[in-house]
Amino acid sequence: MKRGRMRALRSVVGLCAVLALGSFATTASADPFSGPPICSSAGQSLSGTHSNLTIWGNAYVAGGNTLTVHGRLRLARGACLDAFTLGTVNVGGNLVVDRGATLGLGCTPQSIGPVPPCGTSTTDDTVGGSIVAHHPLTMYLDGDHIGGSVVSHGGGPGLHGTFLNFPVKDNTIGGNLVVRGWRGGWSGALRNIVGGDLVFSDNKSVQDPDSNEVVTNTIGGNLICRGNSPAVQVGDSGGLPNVVGGHRIGQCRAPGI
């Protein structure tokens, strides 16, 4: 991605409210992040084992720490979880992202930014169920293993709001990958292995003509792209055409896609 997008990543600051997380963890140190900060402030450090967990406000998983949730992990409305670190997150059930919430999960050497924040490391974050997002502010999914599907409907800062990224990169997804109706600076799906369909539709940006990059994915089902503006493209990613087991539909029939 471009350097401008790194600056945009940091512009999440001020968009996620800081609320208490009760007794889940200790106060964050001044600089707990292995990668670029996702939330407006560190909030609370999460680790340990939980049956189910709901996050209110800002939280992070520090490098070297492990957060295990046997059931459902939920980000409440406006919450922010920064696990775009060298920590580890394992969720047995679904990971639910409510309206206006921000999720950063996983880290690889090909993460966002001009300098890879993870060095040569790749994290081992897992979600046994699905990631389901209802109008999220944004998500950063990087190098994760998801047993179910990733489904995101709506959301974003808006066409003329703060420039934010919505990258879905280098993940293994057992079900479908659906990103539909997001409005923001840049979005894309790169180098994912998807067992079902990949649906990338009605995502719009007026801030970055390079947005909506969908390349180098391996897809067991169909690749469906409709109503994106700009249209789905290779952009400056240098990516390869997608490998598709089913049909290419809509904008995804374009050369190079």
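Residues numbered from 1 in each chain as written. Predicted model: local features only at pLDDT ≥ 70, side-chain atom pairs only at ≥ 80, totals over all residues. Heavy atoms only, no water.

### Thoughts on the state of the cysteines
Part 1 of the reasoning: Enumeration according to the criterion identifies two disulfides in this entry.
Part 2 of the reasoning: Put simply, C39 and C80 are joined by a disulfide, and their sulfur atoms are 2.1 Å apart. Classification of the bridge connecting C39 and C80 rests on its S-S torsion, roughly -90°, and on that basis the disulfide is left-handed. Linking C39 in the loop between helix 1 (3-10) and strand 1 (44-45) with C80 in strand 7 (residues 80-83), this pair joins segments that are 41 residues apart in sequence.
Part 3 of the reasoning: C39 sits in the buried class, given a relative accessible area of 3%.
Part 4 of the reasoning: There is a disulfide in this structure between C225 and C252, and the S-S distance comes to 1.5 Å. Of this pair, C225 sits in strand 24 (residues 223-226) while C252 is found in the segment after strand 26 (248-250), placing the two residues 27 residues apart along the sequence. (Disulfide = S-S within 2.5 Å. Helix = DSSP H or I, 4+ residues; strand = E, 2+ residues; numbered from the N terminus. Buried < 20%, exposed > 50% of the residue type's maximum accessible area, 1.4 Å probe, protein only.)

### Quick notes on the packing of aromatic side chains
Part 1 of the reasoning: On inspection of all chains with the given rule, the structure shows one aromatic pair.
Part 2 of the reasoning: Between the aromatic rings of F166 and W182, the centroid separation amounts to 5.3 Å while the plane-to-plane angle is 80°, which identifies the pairing as edge-to-face. With F166 in strand 16 (residues 165-169) and W182 in the loop between strand 18 (177-180) and strand 19 (186-190), this pair connects stretches of sequence that are 16 residues apart. (Phe/Tyr/Trp six-rings, centres within 6.5 Å; stacked < 30°, edge-to-face > 60°.)

### Section: the side chain of D210
Part 1 of the reasoning: Mapping D210 onto the fold places it in the loop between strand 21 (198-201) and strand 22 (213-215).
Part 2 of the reasoning: The exposure class assigned to D210 is buried, which follows from its relative accessible area of 6%.
Part 3 of the reasoning: Only 2.9 Å separates the side chain of D210 from the backbone nitrogen of D236, close enough to count as a polar contact. (Polar contact = N/O pair within 3.5 Å; in protein donor to acceptor, adjacent residues only side chain to side chain.)

### Some words on the side chain of T68
Part 1 of the reasoning: Mapped onto the secondary structure, T68 falls in strand 5 (residues 66-69).
Part 2 of the reasoning: Filtering out sequence-adjacent residues up to four positions away, T68 remains in contact with G48, T49, H50 and N90. (Contact = heavy atoms within 4.5 Å.)

### Section: the environment of V215
Part 1 of the reasoning: By the element assignment, V215 lies in strand 22.
Part 2 of the reasoning: The exposure class of V215 is buried, given its relative accessible area of 1%.
Part 3 of the reasoning: Between the alpha carbons of V215 and N192 there is a distance of 8.8 Å; along the sequence they are 23 residues apart.
Part 4 of the reasoning: Those residues in contact with V215 that lie beyond four places of it in its chain are A189, L190, R191, Q233, V234, S237, G239, L240, N242, G256 and I257.

### As for the nonpolar core
Proteins that are soluble and globular tend to have nonpolar side chains buried together.
Part 1 of the reasoning: Membership of the largest hydrophobic core comes to 50 residues, with the highest contact counts inside it found for L81, L95, L103 and I131.
Part 2 of the reasoning: With three residues, strand 19 is the largest single contributor of residues to this core.
Part 3 of the reasoning: By size, the runner-up hydrophobic cluster in this structure holds seven residues, among which are I38, C39, C107 and Y140. (Core = buried A, V, L, I, M, F, W, Y, C linked by side-chain atoms within 4.5 Å.)

### Details of the sheet that holds strand 22
Across a sheet, strands are paired by hydrogen bonds formed along the backbone, either parallel or antiparallel in direction.
Part 1 of the reasoning: Strand order in the open sheet formed by eight strands is 1-4-7-10-13-16-19-22, and the pairing between neighbours is parallel. Looking at strand neighbours, the two that pair on one side only are strand 1 and strand 22, the edges of this open sheet. (Pairing = 2+ DSSP bridges.)

### Details of the confidence of the model for the chain
Part 1 of the reasoning: Put simply, the chain has an average pLDDT of 87, and 84% of its residues get 70 or more.
Part 2 of the reasoning: Here residues 1-33 scores under 50 on pLDDT; set against residues more than four positions off or in separate chains, the count is 90 contacts. (pLDDT = per-residue confidence, 0-100.)

### Focus on the pattern of salt bridges
Part 1 of the reasoning: As enumerated under the stated definition, the model contains four salt bridges in all.
Part 2 of the reasoning: With a closest N to O distance of 2.7 Å, R74 and D98 form a salt bridge. In this pair, R74 is assigned in strand 6 (residues 73-75) and D98 in the loop between strand 9 (95-97) and strand 10 (102-105), connecting sequence segments 24 residues apart.
Part 3 of the reasoning: Residues participating in the shared-partner salt-bridge network are R183, D202 and K204. (Salt bridge = Lys/Arg side-chain N within 4 Å of Asp/Glu carboxyl O.)

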